[in-house]
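What the coordinates show
If you want the building blocks of each chain, they are given just below.
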Amino acid sequence: MNPLLTFVVILIGFYGLSTSSNIIKSVFCVTIIESGVILLFLNLGNLDGGVIPIIGDALPVGGIADPLPQALMITTIVIGSTVTALALMLCIKVFHHYGTVEWAEILSRESGK
Amino acid sequence: MMLYVPIALIFIPVFSALIIYLIKAQSIRYLAFVAQIAMTVLAILYYEAYTGQFADTFFVIGGWHERVGISLINDELSLSFVFLSLFIWWMVLIYTFNTGQNHRTFLFFLMFLQGVFLGLLQTNDLFNMFVFLELMTILVAILVVFKKAGDSFRAGIYYLLLNISGVMMFLIGIILIYFTFGTINVNSVQTVIAAGELVSGDEVALRFAYVLLMAGISVKAALFPVHSWLPKAHGVAMSAISGLLSGLVVKGGLYLFLRVNQMFAGANIDYALFFYIIGALTAVIGVMFALTQKDMKQVLAYHTISQVGIVMMGLSHYDPQTVYGGLLHIFNHALFKSLLFLGAGVIIKAYKTKKIKEIRGVMRTMPVVSIFMIIGMLSITGAPFFNGFISKSIIKYGIQDSGIKYWILFIVNIGTATSFIKMAQVFFGPKPMTIRLRSLEQRIALMTLAFACVVLGNFYIPISTGFFGVDVSHVSVFQWEAFFDYAVALIIGFCFYKLVIEKDPLTVRKIREFNLSFEMSNYLFVLYVAVMTVYFVLL
Amino acid sequence: MGNLDMLSLTAYALQVLLIIMAISIVVHKNNGTIIILITTFSLITASLYVINKAPDVAIAEVAIGSAIIPLIYVISISRQREFIVLDKAMDDFIIADNAFTGVGYVLLKRFTDFYHLELNICNDVRLCSLGAGRDQLLCEQTNVDLIVTKDDERNVYILKGKASSVLTYKLEAMARDYDNIEVVKFKDRDFGD
């Protein structure tokens, strides 16, 4: 049940990308998709009744939640923030060049005009 | 000792890029050449010591157990790609040797991209592939907007957002594979799938993971519904960067296509028909748009899409001969497309305009460059004695049983011939007054690429049997049918050009101004994933 | 409903709240409101990471998603409201005094108020002393949107802007009523070398 709810968040993110009218909205939707994917990974790696994967004194009875996805997801969060920063910088440059951030107006200007 | 060469191939360019960026002397640029020589020598030594055994090249970083560590592996496929990328990077380094200010920053991004790309080719771990794909997306977006002028910003943001959503799909596929098999090491997953004992719930998850991985790879390889980023990005970048992107970075997506299919080989997923249709659509749409463009670099960018479609037509078969044809077309396309882009860069810089109608008399102004450009144009249209002919003949031989496949390839060839006849107009005409340009390094780069095209076109039999072990002796340059086919394609192309394209009717103008909006391409991407899910999972 | 204890109930509630926040981010139109929604979204996902037994990922998400990301969004959205004008005319065409306001200032203020921009007039001496041939280079390399110069022979004021920007066209439409103001557009000079 839990992974399905997270999958709905990812689908809402893709829907937002398909209907966004300006560039900043698209970057917001990419952020939503990133967070949704990371939550999906951690949700599937969760173990009911397990404990947090930190080395303690004795091996716990109920099992440990999977530590590999957690390591991979920290990398993914950092990459996602880098991409957001780069996209926003390009967005500022687009605004200074075209005077607007709407997708329709930017893509319809002929090249060289 | 030889086991550590893959690590060296990844880290030497990255470290030299950092040193070039941090030290502020102008003569530090030569470090790039030193690093490149070191990498070439190491790669050649590694190939000499290569025995073909899987266990000899397998190397786990950090000494972890193979199911949880990141491992690197090399076989003939990845070694050939490594040599190709080293060669193309040499050409780009020589071409851009003295291009003025910001050169150190440019070299930083260029060498970093080389390290990341070589890492992508040699890695054996799915999450490592994801990280390298994201890094490649970021670096290519920076390189596309490097000139900071014209339409490069809108091309850069379009490219960045579309590719990031594609790579996110790739990550969801990786998640599914991890939770079905417990490992993300490509070899371990391949062994488990080939063993064949899967419960039915695992089977559905496996196919859905295949769909998601292929969706991410289709975005990076610019296949049919998600190809719209490529003409924008490659048309407005600097010419050397366009040559690098069209020649090599798009091929990274195709290399991953081969690897993922190799990984899923035991699962009996029937991908031939679907990817053949996608490849055919990509090729036809690419040629159709290429015929209507007036800007020299946009024409070449659309031709990249159509040639990638031809490669997919070859790669989507099951018999190894036709797959080898597609693979050989990847190499040939890298060589002649970068040759065409670098040559176009020289012409555009001299004439200060990009439109084909305004450039005339290149043959008299720059005779040496125009000979190399003619070699490139003959290669891409598939003339005998040049390398395009070899790979197209192998693909034609593989699909000769089916009539409609043969006719689609023929139509694409006619379209390519028409479009390059249109571009060949720049060579004729009177010499304009004020062109004066002398740059030795650019001519050396062009000459080496043209030489490689001619060599590969004539000595393909020893190269194929020696390096890959595939027998292609059924393709011969000296058959009458080869010349006849090529002459027919040229004549039909010439008539089509004179009668239709030169008059610029309303249909052509409408196609030229057709612009896929950002929302529409995202919608097409989601639709593509849905169609693939229905085809692979439910049928 | 057997094993629904407090923790999993909280998890379900937070996930439903996450879906509601995602829908509201997609539907809202004002970019400033969405920044606050993104911050809340990131905090809710960080709580969900803790419930899913991944506290290290939650720390990373709070630091990056709730502190750094909204900061760069705010910076980039505020940079998109500026309209920078370089005043090379050096006379009373553009003055914002209490006593009188120049004709140019009235026009530019009307323009920026109509399109929700922020007017920013710069008369830096170093930039103003560059010759007229460098105007296009100034527009391309820096953030300047408009350069105001005066043509003394014909007694007109020339406003130079980029042809690729829609704002120049809109300014031209608004300046048509004034006969001593002329708008010149720089064409794009890129050859993609």
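Residues numbered from 1 in each chain as written. Chains lettered and ligands numbered in written order. Predicted model: local features only at pLDDT ≥ 70, side-chain atom pairs only at ≥ 80, totals over all residues. Heavy atoms only, no water.

**A few points about the overall build of chain A**
Condition: Working definition: helices are DSSP H or I runs of at least four residues, strands are E runs of at least two. Numbering for both runs from the N terminus. The rule is simple: take the accessible area with a 1.4 Å probe, protein chains only, and divide by the maximum for that residue type; under 20% is buried, over 50% is exposed, in between is partly exposed. Throughout, a residue-residue contact means that at least one pair of heavy atoms, one from each residue, lies within 4.5 Å.
Counting its regular elements, chain A contains 4 helices and 0 strands. The N-to-C order of helical and strand elements in chain A reads α-α-α-α. Across the 113 residues that make up chain A, the buried fraction comes to 58%. Long-range pairs, those at least 24 residues apart, make up 54% of the contacts in chain A between residues at least 6 apart in sequence.

**Looking at the confidence of the model for chain B**
Low-confidence regions, as indicated by low pLDDT, have predicted coordinates that should not be scrutinised in detail. All names here are of chain B. Condition: The predictor reports its confidence for every residue as pLDDT, a score running from 0 up to 100.
Within chain B, residue pLDDT values average 86, and 96% of them lie at 70 or more. Helix α3 (residues 54–57) is the least confidently modelled element of chain B, averaging 68 in pLDDT, while helix α6 (residues 126–144) averages 94, the highest of any element. ipTM for the predicted complex: 0.94, alongside a pTM of 0.92.

**Digging into helix α2 (residues 31–51) of chain C**
How we decide: In this scheme, a helix's expected span is set at 1.5 Å multiplied by one less than its residue total.
For α2(C), spanning 21 residues, the distance from its first C-alpha to its last is 30 Å, which sits close to the expected 30 Å at 1.5 Å a residue. Of the residues flanking the end of α2(C), it is Lys53(C), one or two places downstream, whose phi is positive at about 65°.

**Details of the interface of chain B and chain A**
Which entries qualify depends on this criterion: Buried area is calculated as the accessible area (1.4 Å probe) missing from two parts once they are joined, with the contributions of both summed. Put simply, a salt bridge is a Lys or Arg side-chain nitrogen that is within 4 Å of an Asp or Glu carboxyl oxygen. Counting of polar contacts relies on pairs of N or O atoms within 3.5 Å, with two restrictions inside protein: one atom must be capable of donating a hydrogen and the other of accepting it, and residues adjacent in sequence are counted only when both atoms are side-chain atoms.
At the interface, 37 residues of chain B touch 42 residues of chain A. Each partner contributes to the roughly 3600 Å² buried at the junction of chain B and chain A, and carbon and sulfur atoms together form 80% of this total. The largest share of the area that chain B buries against chain A comes from Phe153(B), Arg154(B) and Ile157(B), three residues that together contribute 17% of it. One can count 0 salt bridges joining chain B with chain A. Linking chain B with chain A are 4 residue pairs in polar contact (both at pLDDT 80 or more). Taken together, the elements giving at least two residues each to the side of chain B that touches chain A come down to α6, α7 (152–181) and α23 (518–538) of chain B.

**Details of the nonpolar core**
Residues and elements named next belong to chain B. Counted only if it meets this: Here, nonpolar core refers to any group of buried Ala, Val, Leu, Ile, Met, Phe, Trp, Tyr and Cys residues whose side-chain atoms link them within 4.5 Å.
If you look at the biggest cluster of nonpolar residues, it comprises 257 residues, and the most contacted ones within it are Phe264 and Phe275. When residues in this core are grouped by element, the largest group, 20 residues, is from α7. If we ignore the near neighbours within four places in the chain, the residues touching Phe264 are Ile177, Ile193, Leu206, Tyr210, Leu213 and Ile269. If you look at the next biggest cluster of nonpolar residues, it comprises 14 residues, including Ala280, Ala283, Ile421 and Tyr497.

**With respect to the confidence of the model for chain A**
Summary statistics for chain A give a mean pLDDT of 87 and a share of 96% for residues scoring 70 or more. Element-level mean pLDDT values for chain A span from 85 in helix α4 (residues 103–107) of chain A up to 93 in helix α2 (residues 23–44) of chain A.

**With respect to the interface of chain C and chain A**
Condition: Amino acids outside the nonpolar list (Ala, Val, Leu, Ile, Met, Phe, Trp, Tyr, Cys, Pro) and the charged list (Asp, Glu, Lys, Arg) are all regarded as polar, and Gly is one of them.
Taken together, the contact between chain C and chain A spans 46 residues of the former and 52 residues of the latter. Counting the surface lost from both chain C and chain A, the interface buries some 4500 Å², and carbon and sulfur atoms represent 67% of this. On inspection of chain C and its partner chain A, the count reaches 10 residue pairs in polar contact (both at pLDDT 80 or more). For the side of chain C that touches chain A, the secondary structure elements donating two or more residues are α1 (6–27), α2, α3 (55–79) and α7 (166–174) of chain C. For the side of chain C that touches chain A, the leading source of residues is α3(C), giving 12 residues. Each residue belonging to the side of chain C that touches chain A can be placed in one class, and the counts come to 28 nonpolar, 10 polar and 8 charged.

**Some details on the sheet that holds strand β4 (residues 156–162) of chain C**
Residues and elements named next belong to chain C. The criterion, for reference: By the convention used here, strands pair only if DSSP detects at least 2 bridges between them. Between N-to-C directions, angles span 0 to 180 degrees; the directions come from axes that are lines fitted to C-alpha atoms, helices contributing only their stretch in contact.
Spatially, the 5 strands line up as an open sheet ordered β2-β1-β3-β4-β5, and their pairing is mixed. Each edge of the open sheet is held by one strand with a lone partner, namely β2 (118–122) and β5 (181–186). Neighbour to neighbour, the strand axes of the sheet diverge by 25° on average, direction disregarded. Relative to β5, β4 runs parallel, the two sharing 6 bridges. Across the sheet, Lys162 pairs through a bridge with Phe186, a residue of β5. Helix α4 (residues 103–114) contacts β1 (82–87), β2, β3 (146–151) and β5 of the sheet and is inclined by roughly 145° relative to β2. Packed onto the sheet, α7 meets β1, β3, β4 and β5 and runs at close to 160° relative to β5.

**With respect to the side chain of Ser71(B)**
Residues and elements named next belong to chain B. Secondary-structure assignment places Ser71 in strand β2 (residues 71–72). Judged by its relative accessible area of 0%, Ser71 is buried. In terms of polar contacts, Ser71 uses its side chain to reach the side chain of Asn185, at 3.3 Å. Contact partners of Ser71, with chain neighbours within four places excluded, come to Phe58, Phe59, Val60, Thr123, Asn124, Asp125 and Asn185.

**Some remarks on the side chain of Thr100(A)**
Along the chain, Thr100(A) turns up in the loop between α3 (67–98) and α4. A distance of 3.2 Å separates a polar atom in the side chain of Thr100(A) from the backbone nitrogen of Glu102(A). Residue contacts for Thr100(A): discarding those within four places in its chain leaves Val94(A), Phe95(A), Glu105(A), Ile106(A) and Val166(C).

**Focus: a nonpolar patch on the surface**
Residues and elements named next belong to chain B. Stated precisely, the cut-off is as follows: Residues qualify for a patch when their relative accessible area is over 30% and they have no salt bridge, like charges being joined within 9 Å and the nonpolar side chains of Val, Leu, Ile, Met, Phe, Trp and Tyr within 5 Å. A 1.4 Å probe and the Shrake-Rupley method give the accessible areas. Residues count as covered only by the protein chains that appear here.
On the surface, a cluster of nonpolar side chains totalling about 660 Å² of accessible area is made up of Phe11, Phe15, Leu18, Ile19, Tyr21, Leu22 and Ile23. Topologically, Ile23 is positioned in the loop between α1 (5–22) and α2 (30–48). Looking at Ile23, the relative accessible area reads 40%, which means it is partly exposed.

**Regarding the pairing of β3(C)**
Across a regular strand the side chains alternate sides, sitting on one face of the sheet and then on the other. Residues and elements named next belong to chain C. Here β3 lies mainly inside the structure; 5 of its 6 residues are buried. Examined bridge by bridge, β1 and β3 share 3 bridges and lie parallel to one another. Among the inter-strand pairings, Asp87 is bridged to a residue of β3, identified as Val148. One ladder, built from 6 bridges, connects β3 with β4; its direction is antiparallel. The residue bridging Asp151 from the neighbouring strand is Val156, located in β4. Counting the residues in the hairpin turn of β3 and β4 gives 4 residues, including Asn155, whose phi is positive at 60°.

**Remarks on the pattern of salt bridges**
This model, assessed by the stated rule, comprises 5 salt bridges over all chains. In this structure, Arg154(B) engages Asp151(B) in a salt bridge whose closest nitrogen and oxygen atoms are separated by 3.5 Å. When its relative accessible area of 11% is taken as the criterion, Arg154(B) is described as buried. Overall, Asp151(B) belongs to the buried group, its relative accessible area being 9%. In this structure, Glu172(C) engages Lys185(C) in a salt bridge whose closest nitrogen and oxygen atoms are separated by 2.9 Å. Placement of Glu172(C) in helix α7 and of Lys185(C) in strand β5 is noted, with a sequence separation of 13 residues between them. Judged by relative accessible area, Glu172(C) falls into the partly exposed class, the value being 27%.

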